[in-house]
Amino acid sequence: MLNDDEQTYLFKAFLLALAFSIIGFFLTLFYNIVLSRMMSPKSYGNFKTAETFIGLAQMTVLLGGNFATFSVFPKLIQNNRDVMVWEYLRFYMLIGVIVSFCVGGVILFIEYEQTDGLKHYHPILLAVFAIPFAAALRLLRDTALIKKRLIVAYIPKQCIYPLLILLALSIFYSLNIELTSNVAMVIVVLSYVLLTVIVFSIMNLKESEPKIQQDRKHVFHRHWLNYAFPMMFVFVLNMLMSQMCIYVLEIFGRDGQIGYFAACFTIVQIFIVVQSSVAGIIQPHMSTAHESGLAQMSKLNGQGVRQLFFISFLLSGMILLFGKPLLTLFGKGYSDYYLSLVIMVLAYFLQSVFFLQQAWLRHSGFAKPALYGALSAVIINVLLLILSIPIYGVLGVALSVLVSFIFMLLINTVLMKKYLGFYGWALHLQDLRFSC
């Protein structure tokens, strides 16, 4: 059971994580504004497509290994088996590299066929080089969260990463060098490489104990894969709900539309930042809470939902109030898409409040039912996008996101009640005293 001290830690850890994440969001917003002003809407849209692809691919190449850490690592650490923590990381980092090579080969073949021998290739080809490093960085981040090393978990990716990009952009601007989407992607790749090396060094991960060779004989890597694989599919499908928009818009939309949508998407990513902050603090305790029973799960979930609701409600109001000036900062014509931004804010507000539902299903052994629900929501999302983009453009994308999110949230609510016995959206205001 979580006592009052542990719940107080969860609340303080959330505040610290949220502070780093919000700082990182505004730094990210700033470098995106700079990029949009240094490039055309089409070029900026191509860059955002490639950058978004890194976020999706880094989860895929790990085959769910980063999600399973929240269930596997607490027990290993509790039993003083740190050597097995390293073995787990080594195994999934190796998988990340191998699968990244496979993904890179597919992207290279597609680009070669589509660009007449790579004469005018898309920056997504360069993004492939960042994937194994981004995946390793995410795996290390989740490990640091479990070990309660919040500084290591949040500062590198949330704060240092955008600062590195801003530094590079300032150098290009001062030297009056033309910035293209491909050059910008090279900066991103180099930033991921540098950060991965730094974080790996700080974590001091090494196999210094002779016992590790003996422990390896008792490791069942297939068991890890079987446990983690469904988790990966659920989360990737959840990410596709957001990211599929930018891919379908690039195929069916008109020139420049993807850049305008990218600006709206960049602003609403503050909700993703909040979700990541809350989930990073709550997820390490989910498997323990599930073993303790319904009351403990409901209590832990209530704390997370309260945090998500109050912060997301505040952010929604701020974006609705200052959304048009924010869009204006991206350049000429961006403010015309304020209505699309408003609809996306509503969609992401609802998604944030219900965000922990899929995490509970994953870490409670019900990843497969959640997988089917997420898959059906993605199919609906794609169909709506294909139908609405030719008619309504960016506004059609926003409406498709809203409808698809509502559909997925209803499915997850039913699954939560059926398999876990409680509704994942309950605020549990009677327990508010434990969070103050």
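None of the values given here were measured: they were computed from a predicted structure.

K.L.:
Describe the overall build of the protein chain, and please don't skip the residues or the numbers.
P.N.:
Each helix and strand in the protein chain was counted, giving 17 helices and zero strands. Here the protein chain holds 436 residues, and 58% of them are scored as buried. In the protein chain, 84% of the contacts between residues at least 6 apart in sequence involve partners at least 24 apart. As presented, the protein chain carries roughly 18,800 Å² of accessible surface, and 68% of it is formed by carbon and sulfur atoms.

K.L.:
Describe the side chain of Ser404, naming the residues involved and giving the relevant values.
P.N.:
Residue placement: Ser404 occurs in helix α17 (residues 394-419). Ser404 has contacts with Met241, Ala377, Ile380, Asn381 and Leu384, leaving out every residue within four places of it along the chain.

K.L.:
Would you mind going over unusual backbone geometry in detail, with residue names and values included?
P.N.:
Located in the positive-phi region is Lys148, a residue other than glycine, with phi close to 60°. Structurally, the position occupied by Lys148 is in the loop between α6 (131-146) and α7 (150-174). Using a relative accessible area of 51% as the deciding quantity, one classes Lys148 as exposed. Here the phi dihedral of Asn176 falls at roughly 60°; this positive angle occurs in a residue that is not glycine. By the element assignment, Asn176 lies in the loop between α7 and α8 (181-203). A relative accessible area of 71% means that Asn176 is categorised as exposed.

K.L.:
Could you give me a rundown of the pattern of salt bridges, with the residues and numbers involved?
P.N.:
Within the structure shown, the criterion is met by three salt bridges. Salt-bridge contacts for Lys48 lead to Glu51; the nearest nitrogen and oxygen are separated by 2.8 Å. Here Lys48 pairs with Glu51, and both are found in helix α2 (residues 41-61), just three residues apart, close to one helical turn. Taken individually, Lys48 and Glu51 each receive the classification buried, so the pair is uniform in this respect. The partner of Asp142 in a salt bridge is Arg138, with the nearest N and O atoms 3.6 Å apart. Taken together, the residues span about one helical turn, with Asp142 and Arg138 both in helix α6 at a distance of four residues. Judged by its relative accessible area of 1%, Asp142 is buried. Through salt bridges that share partners, Arg138, Arg141 and Asp142 make up one connected network.

K.L.:
Describe in detail α6, supporting the description with residues and values.
P.N.:
The end-to-end C-alpha separation of α6 is 23 Å, in line with the 22 Å expected for 16 residues at 1.5 Å each. Among the 16 residues in α6, 14 count as buried, and that is most of the element. Where α6 ends, the next residue or the one after it, Lys148, has phi of about 60°, a positive value.

K.L.:
Let's hear about the nonpolar core: which residues, and what values?
P.N.:
In terms of nonpolar packing, the biggest core is built from 152 residues, with Leu35, Phe261, Phe271 and Trp360 touching the most fellow members. If near-sequence neighbours (up to four positions away) are discounted, Leu35 is found in contact with Tyr44, Phe47, Leu169, Leu179 and Ala184.

K.L.:
Provide a residue-level description of the environment of Ala262, including the pertinent values.
P.N.:
The residue Ala262 is located in helix α11 (residues 257-282) in this model. In this structure the C-alpha to C-alpha distance between Ala262 and Lys48, which are 214 residues apart in sequence, comes to 6.6 Å. Beyond its immediate chain neighbours, meaning those up to four positions away, Ala262 contacts Tyr44 and Lys48.

K.L.:
Can you break down the packing of aromatic side chains residue by residue, with the values?
P.N.:
For the structure shown, the criterion picks out 16 aromatic pairs. Ring plane angle 20° and centroid distance 6.1 Å describe the contact between Phe309 and Phe313, whose orientation is recorded as stacked. Placement of the pair is Phe309 and Phe313 together in helix α13 (residues 294-330), with a separation of four residues, close to one helical turn. Judged by relative accessible area, Phe309 falls into the partly exposed class, the value being 25%.

K.L.:
Account for the confidence of the model for the protein chain, naming residues and giving values.
P.N.:
Chain-level pLDDT for the protein chain is 81 on average; 86% of the residues reach the 70-or-more range. When the elements of the protein chain are averaged for pLDDT, helix α9 (residues 211-216) gives the smallest value, 50, and helix α14 (residues 338-353) the largest, 93.

K.L.:
Describe the side chain of Ser181, naming the residues involved and giving the relevant values.
P.N.:
Looking at the element boundaries, Ser181 is found in helix α8. Look past the residues within four positions of Ser181 in its chain and what remains in contact with it is Met39, Ser43, Asn46, Phe47 and Pro123.

K.L.:
Explain the packing of α6 against α8 to me, using residue names and the numbers behind them.
P.N.:
Direction vectors running N to C along α6 and α8 enclose 35°, while the axes themselves pass 9 Å from each other. With respect to the hand of their crossing, α6 and α8 are arranged in left-handed fashion. Here Phe133, Ala134, Ala136, Leu137, Leu140, Thr143 and Ala144 of α6 come into contact with α8, specifically with Tyr192, Val193, Leu195, Thr196, Val199, Phe200 and Met203. Across the contact of α6 with α8, the residue classes break down as 12 nonpolar, two polar and no charged.

K.L.:
Give a description of the environment of Ile124 that names residues and reports values.
P.N.:
Considering the arrangement of structural elements, one finds Ile124 in helix α5 (residues 124-127). Sequence spacing of Ile124 and Glu51 is 73 residues, and the spatial spacing of their C-alpha atoms is 7.7 Å. The residues contacting Ile124, other than those within four sequence positions of it, are Ala50, Phe53, Ile107 and Glu111.

K.L.:
Go over the environment of Leu63, please, and point to the residues and values.
P.N.:
Mapped onto the fold, Leu63 is located in the loop between α2 and α3 (65-78). Measuring from C-alpha to C-alpha, the distance between Leu63 and Tyr92 comes to 8.1 Å, with 29 residues separating the pair along the chain.

K.L.:
Explain a nonpolar patch on the surface to me, using residue names and the numbers behind them.
P.N.:
Together, Leu167, Ile171, Leu175 and Ile177 line one region of the surface with nonpolar side chains, adding up to about 370 Å² of accessible area. With respect to the helices, strands and loops of the structure, Leu175 is situated in the loop between α7 and α8. With relative accessibility at 55%, the residue Leu175 sits in the exposed group.

Conventions and cut-offs
- Residues numbered from 1 in each chain as written.
- Predicted model: local features only at pLDDT ≥ 70, side-chain atom pairs only at ≥ 80, totals over all residues.
- Heavy atoms only, no water.
- Helix = DSSP H or I, 4+ residues; strand = E, 2+ residues; numbered from the N terminus.
- Buried < 20%, exposed > 50% of the residue type's maximum accessible area, 1.4 Å probe, protein only.
- Contact = heavy atoms within 4.5 Å.
- Areas by Shrake-Rupley, 256 points an atom, 1.4 Å probe, with all protein chains shown as cover.
- Salt bridge = Lys/Arg side-chain N within 4 Å of Asp/Glu carboxyl O.
- Expected span 1.5 Å × (residues − 1).
- Core = buried A, V, L, I, M, F, W, Y, C linked by side-chain atoms within 4.5 Å.
- Phe/Tyr/Trp six-rings, centres within 6.5 Å; stacked < 30°, edge-to-face > 60°.
- pLDDT = per-residue confidence, 0-100.
- Axes fitted to C-alpha atoms, helices over the stretch in contact; angles between N-to-C directions.
- Left-handed = near helix turned anticlockwise from the far one by under 90°.
- Nonpolar A, V, L, I, M, F, W, Y, C, P; charged D, E, K, R; others polar.
- Patch = residues over 30% accessible without salt bridge, like charges linked within 9 Å, V, L, I, M, F, W, Y side chains within 5 Å.

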